[in-house]
Structure formats: C-alpha cells, structure tokens
Amino acid sequence: MPGRPKRQRHLPPAQPPRSRAPGGWRVVAMVAALTVAIGGPAASEVGVQNAAAAAPCAIPAAVVAPVAATPLPVSDATPVATSAADMESAALTAELDTVARALAACLSQGKAGTVVELATARYLGQLYASDLPLSPEEYLQIAPQLGPVETRIVSVTDGRRLGPGRVSAEVVSVVGRQLLRSRWDFEKAPAGERTPNQSTWRVDREQALPLIPPADADLLSVTLQDYAIAIDPTTTSGPDVVLRGENLAAQDHEMLVLRFAAGFTTEDLLRAAGPALPKQTTYVGQATVPAGGRADLVLTGLEPGRYTVVCLFPAEDGTPHLALGMATTFEVER
Ligand SMILES: [Cu+2]
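These numbers were taken from a predicted model, which means no experiment stands behind them.

Participant: Can you tell me about the overall build of the protein, naming the residues and giving the values?
Facilitator: When you go through the protein residue by residue, the secondary structure sums to six helices and 13 strands. Of the contacts made within the protein by residues no fewer than 6 positions apart, 69% connect residues no fewer than 24 positions apart.

In structure tokens:
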C-alpha cells in the first residue's frame, strides 16, 4: 500500500519543499480539506462578500488597548457588558486583523520583501507546505518564480493570549477562490525590528479548522478513482460551490481546480515545467481526498465560465495522474 503522497513530488529535486501554487497550498489545503466537517462552526455566517477593503502591504500600526482608568463600581446592579479583559481581547483582535490583512495584501501583490517581515520562517515554510522553516533569504529567492496568489481575509475573531509573546486568532480567508477557516498563531518580531508605533506581531503558523460551506452553495459530487475524475452535475449556477470529493481508490488523489486561458489545455499543463503554474492558468483551489475517504473543497465567488479539475499527484514512475486520465471540467453558468 503506497503511503501518503509526498508534498514535494511536484517539484524538481533542486527546489524547496513546495510551491504555494499549484503545489504551494497543497498541504495547507489538504489539512483544511481533511478537517472540513459537517457540524463545525459556520464560518460562512460572517458573510464572505462583506470583507473590508483591501489593506495596504505594509507593517501595520500597533493598536493601543483602552485603559480603564477608574474602577467600575462593584455595587452597580447593571452588569457591565464590556470587561477590561474583553476590551483587551478586542484590541488584540483588531491588531491581529490588521496584521493578517497586511500579509494577505503582500501575498496577493507578490511583495515578498514585506511577506518575510510579517511572517516567521516557520510560516514561510507553511506557505510552501513544508514542516521545515524557510529562511527569509530562501523565500525571497523562490517567491518570484511562483507569482502571487490572490489572498483575502474575510474575518479575524477571537484574539487570545497563548503565553508570553504569543497570541492567536481565528481567521477566515479566501485563497484563490477557496474558503478556509483556520487558527493563526502570532509571535513577537525580534526586538529592534519594528518602530515603537508598529505592531510587533507576525504570523507564525496556521492550523485548519472545520468549515461549514455557505448555505446556498451548490453541491457537486466528485468521484475520484485510478485514473479518472467524474463530476455530477457538471454545471452550476454558482457563485458558491462545494466540490464534495469521494475517493474510491487505494491511494490519495486531489481536486486541483484551475481556470485556463482561452486555448490552453491540459496537454499544455502537462508540458509546463514546475514548480509554478503556467501563466495561462489561474489557481482556484485544492483539496486532497485521502484513499478511500472524502473531502470537501469549498469555493466562493466563482465567476461564470469553465473550471478544470485535475489531479497532479504522481504515479510510482512520476507520471502525473493527469496524464493517466484524471481531468474533468465543470461550468459555472451565466
Ligand atoms: Cu491522483
């Protein structure tokens, strides 16, 4: 029985562990997909369409927590809605929100120089689906080859202190068109790296959380086997779509969703050399569907048009499953 596919496999040996796209989000997305579960909190309730205007790609200002100068009267019969702890948590959440949005802006714009200031080496590694940290120098070297991936923060909630110099928040984001919910940990940047009025938080890691798809999302059933992908139905009105993958095979497969420029084909994709996706493709989302298991890929805000679903996982001899027949399309109707 073959083991879990190695995330590195799409990349030439000389390359770092992975690219953010197409291989890039693979493991992050895989973890997300594996944890997508019915019954989890409804991340979609926050309203994906209502995300705030894009933040600039820059280290944001620190948020100063309001200080309760006068102790509140203990005898007051009316419960005080906002405790000092609540206010501190709200201020922390607000600051982490600005950090997350700044990082998303930098990733969307491909501004690697600021990405490395807003994230730790561990997180830079996670962007490439690696458990190994990636130094800022290594990241700066490979980021230009891979290009930007549209990344948008939908909401940042529940800021918490984890310990000295360590905090976390729940983040709902859209990467490509894939809705993700995860808990982000932040840690302090080294002393002296920030000016006094700048936020000192930087992203250290993210862990996927269960996600409930938008209530009005169309459900497409995706059956994966050796070596074919079938979708039913093949058309949807969108714009929110759940690809519910079922893997009948004894090995892992993936649902990698891409948009192709006019005239571009899966044959062209096979001919393209990694690690980056060819310029004629746009990354939409990715989920690994484990052998004999299921996974959901939640896509939001899909424009009308044709979407291609492929599996680029390699066979034993390195041949991508796409070359063996694992490709199909679905259409979002106008
Ligand atoms: Cu496959």
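Participant: I'd like a rundown of the sheet that holds strand S9 (residues 253–260), residues and numbers included.
Facilitator: Pairing is mixed across the open sheet formed by five strands, whose spatial order is S7-S13-S12-S9-S10. Unpaired on one side and paired on the other, strand S7 (235–236) and strand S10 (281–289) mark the two borders of the sheet. In terms of strand pairing, S9 meets strand S12 (residues 305–310) through three bridges, oriented antiparallel. Counted as the bridge partner of leucine 256 is valine 310 from S12.

Participant: Provide a residue-level description of unusual backbone geometry, including the pertinent values.
Facilitator: Proline 233 follows aspartate 232 through a cis peptide bond whose omega is -10°. One can find proline 233 in the loop between strand S6 (228–232) and S7. A cis amide bond links glycine 238 with the next residue in sequence, proline 239, at an omega value of -5°. Within the element layout of this structure, proline 239 appears in the loop between S7 and strand S8 (241–247). Residues other than glycine seldom take positive phi values, yet aspartate 158 does so here, at roughly 55°.

Participant: Can you tell me about the nonpolar core, naming the residues and giving the values?
Facilitator: Grouped together as the largest cluster of nonpolar side chains are 80 residues, with contacts concentrated most on Leu103 and Val309. Residues contacting valine 309, with those up to four places away along its chain left out, are Val222, Ile229, Ile231, Met255, Leu256, Val257, Ala327, Thr328, Thr329 and Phe330.

Participant: Any details on the pairing of strand S11 (residues 294–299)? Residues and values, ideally.
Facilitator: Where burial is concerned, most of S11 is hidden: five out of the six residues are buried. Where S8 meets S11, six bridges bridge the pair, whose relative direction is antiparallel. Each residue of the ladder has a partner; that of arginine 244, found in S11, is aspartate 296.

What counts and how
Residues numbered from 1 in each chain as written. Predicted model: local features only at pLDDT ≥ 70, side-chain atom pairs only at ≥ 80, totals over all residues. Helix = DSSP H or I, 4+ residues; strand = E, 2+ residues; numbered from the N terminus. Contact = placed C-beta atoms within 7 Å. Pairing = 2+ DSSP bridges. Core = buried A, V, L, I, M, F, W, Y, C linked by C-beta atoms within 7 Å. Buried ≥ 20, exposed ≤ 12 C-beta atoms within 10 Å, placed from the backbone.

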